[in-house]
Amino acid sequence: MIRCRAKKFDYRRLPTTSVIIAFYNEAWSTLLRTIHSVLESTPAVLLREIILIDDFSDRVYLKSQLEQYISNWERVRLIRTNKREGLVRARLIGASYATGDVLTFLDCHCECVPGWIEPLLERIGENESTIVCPVIDTIDWNSFEFYMQTDEPMIGGFDWRLTFQWHAIPEVERKKRKSRIEPIRSPTMAGGLFAVSKAYFEHLGTYDMGMDVWGGENLELSFRVWQCGGSLEIHPCSHVGHVFPKKAPYARPKFLQNTVRAAEVWMDTYKQHFYNRNPPARKETYGDISERVVIRERLKCNGFDWYLNNVYPDLHVPEDRDGWHGALLSSGIHSECLDYNAPEHNPTGAHVSLFSCHGQGGNQYFEYTTHKEIRYNSVTELCAEVPEGQIYIGMTHCPHDRTPTPPTIIWEFREDGTLYHPHSGMCITSYRTAEGRTDVQMRICTSGDKQQRWKFENGRDEPHPK
Ligand code: UD2
Ligand code: MN
């Protein structure tokens, strides 16, 4: 952005930084590209050191060949863990060697764009309790070409399955900003690329060391910084490229467990919405979280309802009324449930269909609301509809609170178990195709037809069995 380039920085006033890069079995080229780009695009007066943490990789070129290669750079340190720690503990081991005022974390397959560090450090100099992220540009996995984001940056959010999601800047936020080069408040961070004051990070309780391998730590830190009085921002003038690999060089088995830890510590009763949409999470063992709960108490952090109201008011909070959410089981065809496969996974068209019940929430999780909608939460809130003149069940964006509800998304879930659609006058009907496949269709309601009866399964708000 032109206006970013016009920004001037007084280097003597900026805090210094240590750049911390944990890696596990990373390719030589991407790892070296990251280190070179940090060295070349970070002014020497600002960079105390680069700390590489090898998280117990087994690739041979990451042994003496790597040591040899970096030995000419006095500012680059290599630390090796003596067992596989996972990214959280690997980063913390690196941070313990840092001498800079600010910790800047990067993934090991990044490319910093000249001018990337100054806005981050300036911002932390102004406000010590803010965590600042660069704009993450995509580096193409096939061609390794750089894709600069052209328009406005995206900010971080999540859905109720607790997967991280990108969002456009909401209208209210956009209006609040005095200029396009101001940092943008973001409810969550992607996780890999951010700068934080070392002292503040410690005050805030660094990371949850009970998290292993990969996943969950980004939402945990996001909830924590906001709920405990700090803030999280994306600086539109700081750009770093990141390679999103087609396939990571390692398995990611701990994501759910880590996420449960985050939910248990920070989400209060709202964690039920997550468990409802991801029943296996309820059965995860997640270890001891008492130290994290103590941090929350010590810092007198706000509740999750405060976070939702003040930081992420755009997120729709499900009603999840007891007995009115879960899988919609057909009474007519044994063990079959309504299933919605979003278009990106289903090129043949996104209709609600029938699939054997799997009990995992996800694609089979629906909620019947007091507004008589059949909701499906994903990146955006979706509402089941029957388009004018059609007999299939599709999904459309749910209306925002103040707009009137279009009649095509209104359903009556009747006493006898029928899902009646007043606008078309028809009922959701399960059936078998000529080929023996099962599916659903809108048909004229016939009293006593079992194919038109449905019931919610797993519709209870059970706590996590401790
Ligand atoms: C995203 C984040 C990543 C992290 C993750 C959730 C970005 C660009 N990336 O996934 O930083 O927050 O979400 O956990 O925001 N690593 C280890 N030990 C391990 C596993 C990973 O050191 O056991 C390193 C890995 O080499 C890399 C970093 O941790 O440098 C992040 O891993 P990733 O690149 O596989 O994660 P990514 O980008 O898919
Ligand atoms: Mn990465």
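Below you will find a few notes about this structure. (Residues numbered from 1 in each chain as written. Chains lettered and ligands numbered in written order. Predicted model: local features only at pLDDT ≥ 70, side-chain atom pairs only at ≥ 80, totals over all residues. Heavy atoms only, no water.)

## Brief notes about the site of ligand 1
Keep this limit in mind: Proximity is defined per residue: if any heavy atom of the residue lies within 4 Å of a molecule or strand, that residue is considered near it. For this analysis, a polar contact is any N or O atom pair within 3.5 Å, provided that within protein one partner can donate a hydrogen and the other can accept it, and provided that sequence-adjacent residues contribute only side-chain to side-chain pairs. Note that accessible areas follow from Shrake-Rupley with a 1.4 Å probe, and for residues the cover is restricted to the protein chains shown. The helix count covers DSSP runs of H or I at least four residues long, the strand count covers runs of E at least two residues long, and both are numbered beginning at the N terminus.
As a structural note, the neighbourhood of ligand 1 is formed by 22 residues, with A22, D55, G215, E217 and Y250 the closest of them. At 2.6 Å, a backbone N or O of G215 approaches an oxygen atom of ligand 1. One of the side-chain N or O atoms of Y250 is found 2.4 Å from an oxygen atom in ligand 1. Protein chains shield 95% of the accessible area of ligand 1, which is 740 Å² for the free molecule. Among the secondary structure elements, those contributing two or more residues to the shell around ligand 1 are β1 (17-23) and α4 (87-95).

## Remarks on the pairing of β1
Condition: Only protein chains enter the accessibility calculation, which uses a 1.4 Å probe. A residue is then buried if its area is under 20% of the maximum for its type, exposed if over 50%, and partly exposed in between. The pairing criterion is simple: DSSP has to find at least two bridges between the two strands.
Extensive coverage of β1 is indicated by the burial of seven of its seven residues. Residues T17, V19, I21 and F23 of β1 are buried on one face, and the alternating residues S18, I20 and A22, pointing to the opposite face, are buried as well. Summarising the sheet, β1 and strand β4 (residues 102-106) pair through five bridges and their orientation is parallel. Along β4, the bridge assignment pairs I21 with L106.

## Some points on the coordination of the manganese ion (ligand 2)
What counts is decided by this rule: Think of the donor list as every N, O and S atom within 2.8 Å of the metal, or within 3.2 Å for Na, K and Ca; water never makes the list, so a site can look incomplete.
Distances from the manganese ion (ligand 2) to its protein donors, namely D107 (OD), H109 (NE2) and H242 (NE2), fall within the range 2.2 Å. Read from N- to C-terminus, the donor residues coordinating the manganese ion (ligand 2) fall into the pattern D-x1-H-x132-H. Linking D107 in the loop between β4 and β5 (110-112) with H242 in strand β12 (residues 231-243), this pair joins segments that are 135 residues apart in sequence. Accessibility assignment for this pair places D107 and H242 in one class, buried.

## A short note on the nonpolar core
Put simply, the test is: Working definition of a nonpolar core: buried Ala, Val, Leu, Ile, Met, Phe, Trp, Tyr and Cys residues. They are joined through side-chain atoms within 4.5 Å. Here a residue-residue contact requires only that any non-hydrogen atoms of the pair lie within 4.5 Å.
I131, F158, F194 and Y307 are the most contacted members of the largest nonpolar core, which has 59 residues in total. It is helix α9 (residues 255-266) that provides the largest number of residues to this core, a total of six residues. Among residues more than four places away in sequence, those in contact with F158 are T163, F164, Q165, H167, T188, L219, F223, F304, Y307, Y312 and L315. With 32 residues, the next largest nonpolar core counts V19, I35, L66 and C112 among its residues.

## As for the sheet that holds strand β21 (residues 419-421)
The strand order across the open sheet built from four strands is β20-β21-β22-β23, with neighbouring strands paired in antiparallel fashion. With one partner strand each, in any of the chains shown, β20 (412-413) and β23 (438-444) form the two edges of the open sheet. Pairing between β21 and strand β22 (residues 426-432): two bridges, direction antiparallel. For Y420, the partnering residue across the bridge sits in β22 and is C427.

## Structural notes on the pattern of salt bridges
It is possible for side chains bearing opposite charge to pair when their charged atoms get close. Note the cut-off: We define a salt bridge as a side-chain nitrogen of Lys or Arg found within 4 Å of a carboxyl oxygen belonging to Asp or Glu.
Scanning all chains against the criterion turns up 33 salt bridges. We note a salt bridge from E152 to R177, for which the minimum N-O separation is 4.0 Å. Note that E152 is positioned in the loop between β7 (146-147) and β8 (155-158) and R177 in the loop between α6 (171-176) and β10 (184-185), a separation of 25 residues in sequence. Exposure remark for E152: the relative accessible area of 18% places this residue in the buried category. A residue is classified by how much of its surface remains accessible, and R177, at 13% relative accessible area, is buried. It is possible to trace a salt-bridge network through shared partners that takes in K83, E85, R89 and D212.

## Details of helix α5 (residues 117-126)
Along an α-helix, residues three or four apart share an orientation, since each turn contains 3.6 residues. With respect to burial, α5 is a largely interior element, seven of its 10 residues being buried. Three or more residues of α5 are buried, namely I117, E118, P119, L120, L121, R123 and I124. Looking at the buried residues of α5, the elements they touch are β1, β4, β6 (130-139), β11 (194-197) and β12.

## A closer look at the pairing of strand β14 (residues 336-340)
Most of β14 sits inside the fold, with five of its five residues counted as buried. Both β14 and strand β15 (residues 352-356) contribute to a ladder of five bridges, which runs antiparallel. The partner of D339 across the bridge, within β15, is S353.

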